[in-house]
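Each chain, letter by letter, is given below.
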Amino acid sequence: MNISDVKAKRIRKALVSWYLKHKRKMPWRETRDPYRTWLSEVMLQQAQVKTVIPYYHRFLERFPTIEALARGDLQDILKMWEGLGYYARARNFHRATGIVTRDYGGSVPADWETFIQLPGVGEYTAAAVQSLAFGHPHAVVDGNVKRVLARLFAIEDPVNRPKAYKQFKDIAGTLLDREQPGNFNQAIMELGALICKPARPTCDHCPVQPDCISYQHDRVDEFPKKEKRKPVPTLQMVAGVIRKKGRFLITRRKPAGLLGGLWEFPGGELQKGEAAAAGCIRAIQDKTGLKVDTDKRLARINHAYTHFKITLEVFVCQVRPGSRVRLNGPVDFDWVRPEQLDDYAFPKANLKFMHLIV
Ligand code: SF4
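Keep in mind the model is a prediction, meaning the values are calculated, not measured.

Turning to the side chain of Ser40, a few remarks are in order. Structurally, Ser40 can be placed in helix 2 (residues 34-44). Using a relative accessible area of 1% as the deciding quantity, one classes Ser40 as buried. Filtering out sequence-adjacent residues up to four positions away, Ser40 remains in contact with Trp28 and Tyr56.

Here the focus is empty space enclosed by the protein. Counted under the stated rule, the structure contains one cavity of 30 Å³ or more. Of the voids in this model, the largest cavity is the one considered here, and its volume is about 110 Å³. When residues of the lining of the largest cavity are traced back to their parent elements, those giving at least two are helix 9 (143-152) and helix 12 (213-216). Looking at which element gives the most residues to the lining of the largest cavity, the answer is helix 9, with three residues. Residues that form the lining of the largest cavity fall into these classes: 12 nonpolar, three polar and one charged.

The next point concerns the layout of surface pockets. The calculated volume of the largest pocket comes to roughly 1600 Å³. For the largest pocket, the lining is made up of 42 residues, of which Gln45, Gln46, Asp142, Gly143 and Asn144 are closest to its centre. Secondary structure elements with two or more residues in the lining of the largest pocket: helix 2, helix 3 (49-62), helix 8 (123-134), helix 9 and helix 11 (181-194). At six residues, helix 11 tops the list of elements feeding residues into the lining of the largest pocket. Split by residue class, the lining of the largest pocket holds 20 nonpolar, 10 polar and 12 charged.

Neighbouring the ligand are Arg151, Ile195, Cys196, Cys203, Cys206, Val208, Gln209, Cys212, Tyr215 and Val220. Placement of the ligand is best described as lying within the largest cavity. Among the residues forming the shell around the ligand, the class breakdown is eight nonpolar, one polar and one charged.

Here the focus is helix 5 (residues 74-81). Owing to its 3.6 residues per turn, the α-helix brings residues three or four apart onto one side. Within helix 5, the full set of buried residues consists of Ile77, Leu78, Met80 and Trp81. When helix 5 is viewed along its axis, its buried side chains cluster within an angular range of 160° and face the same direction. Turning to helix 5, the residues buried within the fold contact helix 2, helix 3, helix 4 (66-71) and helix 6 (87-103). With a side-chain oxygen positioned 3.1 Å from the backbone nitrogen of Gln75, the residue opening helix 5 is Asp73. In the stretch just after helix 5, Gly83 is the one whose phi turns positive, near 100°.

All right, on to the packing of aromatic side chains then. This model, assessed by the stated rule, comprises 10 aromatic pairs. An angle of 75° between the planes, with centres 5.0 Å apart, marks the rings of Trp263 and Tyr344 as edge-to-face. Taken together, the positions of Trp263 in strand 3 (residues 263-264) and Tyr344 in the loop between strand 7 (332-336) and helix 14 (348-354) put the pair 81 residues apart, joining distant regions of the chain. Taking relative accessible area as the criterion, Trp263 reaches 5% and is therefore assigned buried. For Tyr344, a relative accessible area of 14% translates into the label buried. With 5.0 Å between their ring centres and 35° between their planes, Tyr305 and Phe308 make a pair best called tilted. When the ring centre of Tyr55 is taken as reference, the NZ or CZ atom of Arg58 above it lies at 4.9 Å. In this arrangement the basic side chain of Lys244 is found over the ring face of Trp335, its NZ or CZ atom lying 4.8 Å from the centre.

Contact pair helix 9 / helix 11: the axes reach a minimum separation of 8 Å and the direction vectors enclose 80°. In terms of axis orientation, helix 9 runs roughly perpendicular to helix 11. Side by side, helix 9 and helix 11 meet where Asn144, Val145, Arg147, Val148 and Leu149 of the first sit next to Ile188, Met189, Leu191, Gly192 and Ala193 of the second. For the contact of helix 9 with helix 11, a count of residues per class yields seven nonpolar, two polar and one charged.

On inspection of all chains with the given rule, the structure shows zero disulfides. Note on Cys280: no disulfide assigned, nearest cysteine sulfur contributed by Cys317 at a separation of 4.2 Å. A relative accessible area of 0% places Cys280 in the buried class.

Another point: the domain arrangement of the chain. Along its sequence, the chain is organised into domain 1 (5-222) and domain 2 (234-354). Averaged C-alpha coordinates put domain 1 and domain 2 at centres separated by 36 Å. Contacts between the two partners involve eight residues from domain 1, matched on the other side by 19 residues from domain 2. When domain 1 packs against domain 2, the two sides together hide about 960 Å² of surface, and 48% of this comes from carbon and sulfur. When the buried area of domain 1 at its contact with domain 2 is split by residue, Gln75, Tyr87 and Arg91 rank highest and sum to 46% of it. Taken together, the connections running from domain 1 to domain 2 amount to zero salt bridges. One can count 10 residue pairs in polar contact (both at pLDDT 80 or more) joining domain 1 with domain 2. Going through the elements one at a time, helix 5 and helix 6 are the ones with two or more residues in the side of domain 1 that touches domain 2. In terms of residue count, helix 5 provides more of the side of domain 1 that touches domain 2 than any other element does, three residues in total.

Each value, and the rule that gives it
Numbering of residues starts from 1 in each chain and follows the order in which that chain's sequence is written. Reporting in this predicted model follows two pLDDT cut-offs: at least 70 for local features of residues, and 80 or more for side-chain atom pairs to be given and counted; totals over whole chains, interfaces and linings ignore these cut-offs and use all residues. In computing side-chain properties, one takes all heavy atoms of the structure into account and sets aside hydrogens as well as water. Runs of E in the DSSP output that reach at least two residues are strands. Runs of H or I that reach at least four are helices, and both are numbered from the N terminus. Whether a residue is buried, partly exposed or exposed follows from its accessible area with a 1.4 Å probe, protein chains only, as a fraction of its type maximum: under 20%, in between, or over 50%, in that order. We call two residues contacting when some pair of their heavy atoms lies within 4.5 Å. A cavity here means a set of 1 Å grid points, computed over protein atoms only, where a 1.4 Å probe fits but cannot escape. A pocket is an open set with protein on both sides within 12 Å along at least 5 of 7 lines, and lining residues have an atom within 4 Å of a point. Grid points are joined across faces, edges and corners, and a volume is the space filled by probe spheres set on the points. Side-chain classes follow a simple rule in which Ala, Val, Leu, Ile, Met, Phe, Trp, Tyr, Cys and Pro form the nonpolar group, Asp, Glu, Lys and Arg form the charged group, and the remainder, Gly included, forms the polar group. Throughout, near means a residue has at least one heavy atom within 4 Å of the molecule or strand. Think of it this way: if more than half of a molecule's atoms are within 2 Å of a pocket's grid points, that molecule is in the pocket or cavity. Think of it as the arc spanned by the lines of direction from the helix axis to the C-beta atoms. A 3.5 Å cut-off defines polar contacts: any pair of N or O atoms within that distance qualifies, except that in protein one atom must be a possible hydrogen donor and the other a possible acceptor, and neighbouring residues in sequence count only when both atoms are side-chain atoms. The pairing test for Phe, Tyr and Trp rings, Trp by its six-membered ring, is centres within 6.5 Å, and the orientation test on the planes gives stacked under 30 degrees, edge-to-face over 60, and tilted for anything in between. Our definition puts a charge over a ring when NZ of Lys or CZ of Arg is within 6 Å of the ring centre and also within 35 degrees of the ring normal. To obtain each axis, a line is fitted to C-alpha atoms, and for helices this fit is confined to the stretch in contact; angles are then taken between N-to-C directions over 0 to 180 degrees. Throughout this description, any angle smaller than 35 degrees is read as roughly parallel, any larger than 145 degrees as roughly antiparallel, any in the 65 to 115 degree range as roughly perpendicular, and the remainder as oblique. Any cysteine sulfur atom paired with another within 2.5 Å is treated as part of a disulfide. The start and end points of each domain follow an automatic or database-based domain assignment. Note on definitions: buried area is the accessible-area loss of two parts on being combined, 1.4 Å probe, summed for both. Salt-bridge detection follows one rule: a side-chain nitrogen of Lys or Arg within 4 Å of a carboxyl oxygen of Asp or Glu.

Now the structure itself:
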């Protein structure tokens, strides 16, 4: 796409001036410390600003420096992350800070090539940290940026088609303010969050309205175009709250993969045609070796992940006499009292029924 220098300059200037006047106060905007900027960007992926703010403060209180985090215990880190979801981000961030401490003397690499090699650092995070913390000219492309550009230039390619990414990246790169890339990147994302919102954009307050092709042609509602995705499947899951002498059995998931390293109440996916209570007994035996009986149904929870949803039926279970734990899948287990549950990091689907356990 050809964008004249004059038009690019006009858009860039309008965006940055608008941002400097209207930007929201956020704790990570008050610093250019690369560790803090990096942490905020990792937390903000898939989470809203108001959700992230308390996590950000608590995390920095506990791990004020990159070295403190690198030395930190993964279980503590997962506990601090509990409820934010996407736990692979926390595990990767921990690993990455370990590498930064060991190989780069605790300084976040100030060059793209080195930084993007670190675990969990993709193009978005690299562009955000390199521009915001170091002032290097890299344009960010996230959902907000794609939506703004799709409307501004009436881009017909669906924003969720992976092949379209390069086009958005090139346009963002053309518009980028190379003198103040951090401000520019924040400006376009902030415009997407506050003005050019997914529904009902407030074009009357938009600083780039004179250059917006979809607005000028009264086609704002048509953009961004999206490719239809297959509906996400719903998995039927079961879990058991297994009581023994006032304690409950929890197991720890393998370190890698979905919810890796987190603790949970044991269970699994129902097999085809299996009744929930019978499936719970079977899944617990498969995973823990324990023979149990179900007592009563404690809860029915719905939870959505990125690529699937789950319905989780939770049963209170009793251990049959003489039965012992022999793990098959989980890497650890513990028998805990209700007041100890707070010491372990659990997935959100488990947190949703935990208040019912006494
Ligand atoms: Fe978005 Fe409207 Fe601004 Fe165009 S004029 S960029 S559609 S807010």
